[in-house]
Structure formats: structure tokens, C-alpha cells
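# Examination of the molecular architecture
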Amino acid sequence: MHLQSQVNPHFFFNMLNNLYGLVDKDSEKAKTLILKLSDMMRYSIYEGQKEYVTLQQEIDFIHNYIQLHKMRYHKDITINFEVDIDNEKLKIMPLLFIILVENAFKHGLEVLRTNAFANISITSKQNSIVLEIENNFDEEIKGEKGIGLENLSRRLALAYPKKHELTNAINHDIYTAKLRLEI
């Protein structure tokens, strides 16, 4: 539970700061962002404390996260989010995927000035779920390590012992992460 509660709150602080600057410039856009942020906070607080949520709920949370970022950026970015699931009612531990998605934004889309991209896919077949993320990043921060991946690894070991595989790879300025869960 403690590991689960450490989902990066800096996202919410950054979003609130962005909203503050947007209120006077584009109040309608600010209102839309506030509603999406409210939905995400509600999910984090209430659904995030549950033992399990449906795969569809987790996908909706990721979708809102991506939409919020698209609305707040003042630069061209490319985000592809593909979903191919055969059972949206599969139960998974909440807030597992967001750490990997946040990393794609934090180390890639947010810091790159041009040509930033992220390809995110979630697939499921029978009792297997796979999240794959590929993004470019600034090679200057290649060696930085945060607590997010460490916490994710520990959560997976506790919740899905011998039923998960988390891999990552770097090829020049492309980072790839893959999480496979067996439910």
C-alpha cells in the first residue's frame, strides 16, 4: 500500500501550475483541464486504494493522462496510444502502468524541444496483459534513475510474483519499456 501511494504527485503540482497560467489566457481550456485533472485525482485517491480495478479503468486513466498533456503543451508532439484488449473486465492492481507512461513524458516529451514522440500500446489476450512504451529522450539524462521504476518493480514482485516481466532497453535515443502480466 505504501509503494502504491507513492505515485508521482509532481504531475499534479505541475498541472496545477500550468492551469494557473492558463486561467487568464484561455479559461475554457482551463476548465476542461480542471475537469480532466479532477477525474484523475479522483481515480488516484479512490480507485488507487483498491486492491484491483478493471483493465478498462486503468486504460481510461492513462487516456486522461495523455489528453491532459496534449492540451498543456505548446509544441508539436506525437503520441500514439493503441489499445487492443479482448477482456476489459480483467482485474489488475491500480496505477501500475502510469509510472512507465509518466517516465516517457518526463524524460522525453517534456524535455525534447523538437520531434518528441511516444508510442504506447496495451494489449490483452486471455489472461495476459502487455504494456509497451517506446519514446525518444534526451541522452543527457540517460544515467538518471528515479524511485518510480524501483517502486514498480517492488509492487510487481509483491502482487504478481513469477507472473510478470518488466524489461527496458535503450537504443541510441530511444527508450523501450515492456511490462507483461499474467492474471
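For the structure itself, consult the block above.
Anyway, here's the lowdown on the structure attached to this text. Residues take numbers from 1 onward in each chain, read along the sequence in its written order. Two thresholds apply to this predicted model, a pLDDT of at least 70 for residue-level local features and 80 or more for giving and counting side-chain atom pairs, whereas whole-chain, interface and lining totals are computed over all residues. To get the side-chain values, take all heavy atoms of the structure and skip hydrogens and water.

### Quick word on the overall build of the protein
Summing up its helical and strand segments, the protein has five helices and seven strands in all. Elements are defined by DSSP. Helices are runs of H or I of four residues or more, strands are runs of E of two residues or more, and each kind is numbered from the N terminus. For the protein, the sequential pattern of α-helices and β-strands runs α-α-β-α-β-β-α-β-β-α-β-β. Computation of the radius of gyration draws on C-alpha atoms, with the globule rule given as 2.2 Å multiplied by the number of residues to the power 0.38. For the protein, whose C-alpha radius of gyration is 16 Å, the value lies close to the compact-globule estimate of 16 Å for 183 residues. The dimensions of the protein, computed from C-alpha atoms along their principal axes, are 50 × 40 × 30 Å.

### What about the pairing of strand E7 (residues 174–182)?
Only protein chains enter the accessibility calculation, which uses a 1.4 Å probe; a residue whose area is less than 20% of its type maximum is buried, one above 50% is exposed, and one in between is partly exposed. Side-chain alternation along E7 places Tyr175, Ala177, Leu179 and Leu181 on a buried face and Ile174, Thr176, Lys178, Arg180 and Glu182 on a face that remains uncovered. Bridge count for strand E5 (residues 128–136) against E7 is nine bridges, and the pairing is antiparallel. Counterpart to asparagine 136 in the pairing with E7 is isoleucine 174. Only strands joined by at least two bridges in the DSSP assignment are considered to pair. Counting the residues that bridge the hairpin from strand E6 (residues 164–171) to E7 gives two residues, and of these histidine 172 lies at a positive phi of roughly 60 degrees.

### As for the sheet that holds strand E4 (residues 116–125)
Taken together, the five strands give an open sheet; going across it, the order is E2-E4-E5-E7-E6, and neighbouring strands pair in mixed fashion. In this open sheet, the two edge strands, each paired with only one partner strand, are strand E2 (77–85) and E6. Within this sheet the neighbouring strands show an average axis-to-axis angle of 5 degrees, counted without direction. We call two residues in contact when some of their heavy atoms are within 4.5 Å. Think of each axis as a best-fit line through the C-alpha atoms, taken over the contacting stretch in the case of a helix, with angles from 0 to 180 degrees between the N-to-C directions. Strands E2, E4 and E5 of the sheet are contacted by helix H3 (residues 55–72), whose axis makes an angle of about 170 degrees with E2. Sheet strands in contact with helix H5 (residues 147–159) are E6 and E7, and its direction is about 155 degrees off that of E6.

### Regarding the nonpolar core
Phe97 and Leu181 are the most contacted members of the largest nonpolar core, which has 50 residues in total. Top element by residues in this core is H3. It accounts for eight residues. In contact with leucine 181, not counting residues within four places along its chain, are Ile92, Leu96, Phe97, Asn127, Ser128, Ile129, Leu156, Tyr160, Lys163 and His164. As used here, the term nonpolar core means buried Ala, Val, Leu, Ile, Met, Phe, Trp, Tyr and Cys residues forming a set that is joined through side-chain atoms within 4.5 Å.

### Observations concerning the packing of aromatic side chains
Any pair of Phe, Tyr and Trp rings, taking the six-membered ring for Trp, is counted once the centres come within 6.5 Å. Such a pair is stacked with planes under 30 degrees apart, edge-to-face with planes over 60 apart, and tilted for the rest. Applying the stated rule across the entire model yields two aromatic pairs. Summarising the aromatic geometry, the rings of tyrosine 43 and phenylalanine 61 are spaced 4.7 Å apart at their centres and angled 25 degrees between planes, so their arrangement reads as stacked. With tyrosine 43 in helix H2 (residues 27–46) and phenylalanine 61 in helix H3, this residue pair connects regions lying 18 residues apart in the sequence.

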